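These are the residues of each chain, in order.
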Amino acid sequence: MRSRIPYSRQTIDDADIAAVADCLRSDFLTQGPQTRAFEEAAAAYVGCAHAIAVSNGTAALHLVCQGLGLGPGGLLWTSPNSFVASANAGRYMGADVDFVDIDPQTGSIDPVALEAKLSKARAANRKPDILIAVHFAGHSFGFDRVAALCAEYGVALVEDAAHAFGAAYEDDPMRKVGSHPQSVATTFSFHPLKSITTGEGGMIVTWSDSLARDLAMLRSHGITKDSAMMTHMREEDGDWYYEQHLLGFNYRICDIQAALGVSQMKRIDAFMAARRLRARRYAEQLSGLPLHLPLATDRSSWHLYVVRLDPGQASITRRALFDRLRGERIEAHVHYIPIHTQPYYRKLGFAPGDFPQSEHYYENCLSLPIYPLMTDDDQDRVVACLRDALLYA
Ligand SMILES: Cc1ncc(COP(=O)(O)O)c(C=O)c1O
């Protein structure tokens, strides 16, 4: 039987396993030296001042919204073509959520739609407090324009870079995603299918000293053990003493996960090179088929390789193509069901038709397998199946 080709998978080697085993033999299982080492490695790699490691990418988004003081009466915007976590972060805080449609060429927020919506919002005196800009698939096309608009309209810009650890900005390839001077904070996810993994895990990077200090407290109940921050410590209080200054959570990553993260970080450049090679190969081999291919770039982290069926030209439906691939044990996927069409968001008043570009994208998109361990043979199998289905259906 032919082997299964997943749409993505983690890359774990003996060094990763040894790093985790060493941690298990050490004194620290929860936050300790590995967490600090992981944060230092991530901050240095991304090129940003502070990194705060947390339990997952969703927690990272929630904490940033909390740290920025979003609350009831507040407003968060994001794009519908994302995982629900990008929008839910605002709802956790009791804020309203709204969406800006995407540019179908990139799958990310459309700067033109953003400008139009911001201008209307200003006129109506209802500007968003936070824009969560999602680097869909690991791309950052048009991001400088999004950043400039946020600066012009006074909106806090947060980058949801769950897909984009290791990516560089399209407009400034010397900078890694997460180091943009105009972003208030950037969040990453280390779920197994992402650029690197810690099993579950996330990271926030920020230039802001005060936000970094608050986030470090918020991930652990809002508690500080830093004597310089104490406000009510008495002389008789000893080393046991701590103070809670904010209402936080237990969103700590543990050292076992961080040890894996430190080990994975050592191979991030190889992971990026392998994903970019697959993307270039798909671009060559799929040209000429009735598919819209993603914009070519070597700056993306290529978390996803999303093709769109051209319904005018293809003689097969997306569902039939998906089933054909699955029948060959090729586990293509679909990203994303537009968030506003989820039952939870419909109950809040959203309806199909609200964001047509995202809905059209969803109807025709297909995520092809892409991951560092994918071989030429694996990829040839995917391409052969697609050619067969699209040309001889
Ligand atoms: C765009 C986006 N944002 C946020 C998240 C949440 O990350 P996590 O699964 O680590 O909580 C994901 C997860 O897939 C994601 O794709």
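Residues numbered from 1 in each chain as written. Predicted model: local features only at pLDDT ≥ 70, side-chain atom pairs only at ≥ 80, totals over all residues. Heavy atoms only, no water.

**Student:** Any chance you could explain the packing of aromatic side chains here in plain terms?
**Tutor:** The geometry of two aromatic rings is summed up by the distance between their centres and the angle between their planes. For the coordinates displayed, the defined rule picks out 16 aromatic pairs. An aromatic cluster is defined as three or more aromatic residues linked by ring pairs; in this entry it consists of Phe-38, Tyr-45, Phe-165, Phe-188 and Phe-190. Positioned above the aromatic ring of Trp-77, the side-chain terminus of Lys-117 is 5.4 Å from the ring centre. One residue, Arg-318, lies across the ring of Tyr-362, its end atom 5.4 Å from the ring centre. (Phe/Tyr/Trp six-rings, centres within 6.5 Å; stacked < 30°, edge-to-face > 60°. Lys NZ or Arg CZ within 6 Å of the ring centre and 35° of its normal.)

**Student:** Got a minute to help me understand the pattern of salt bridges in this structure?
**Tutor:** Between side chains of opposite charge, pairing is possible as soon as their charged atoms come close. For the structure shown, the criterion picks out 20 salt bridges. Across the salt bridge formed by Asp-22 and Arg-25, the nearest N and O atoms sit 3.5 Å from each other. Here Asp-22 and its partner Arg-25 are both found in helix H1 (residues 14–25), 3 residues apart, which amounts to about one turn of the helix. Each of Arg-278, Arg-281, Asp-376 and Asp-380 takes part in one network of salt bridges that share partners. (Salt bridge = Lys/Arg side-chain N within 4 Å of Asp/Glu carboxyl O. Helix = DSSP H or I, 4+ residues; strand = E, 2+ residues; numbered from the N terminus.)

**Student:** Explain the sheet that holds strand E3 (residues 96–99) here, please?
**Tutor:** Strand pairing within a sheet occurs via backbone hydrogen bonds; the two strands may be parallel or antiparallel. As summarised here, the arrangement of the 7 strands in space is E1-E7-E6-E5-E4-E2-E3, forming an open sheet in which the pairing is mixed. Of all the strands in the sheet, just strand E1 (50–54) and E3 have a single pairing partner and so form its edges. Taking each pair of neighbouring strands and ignoring which way they run, the sheet shows an average axis angle of 20°. Relative to strand E6 (residues 185–189), helix H3 (residues 57–67) is tilted by about 160°, and along the sheet it contacts E1, strand E2 (75–78), strand E4 (130–134), strand E5 (156–160), E6 and strand E7 (202–206). (Pairing = 2+ DSSP bridges. Axes fitted to C-alpha atoms, helices over the stretch in contact; angles between N-to-C directions. Contact = heavy atoms within 4.5 Å.)

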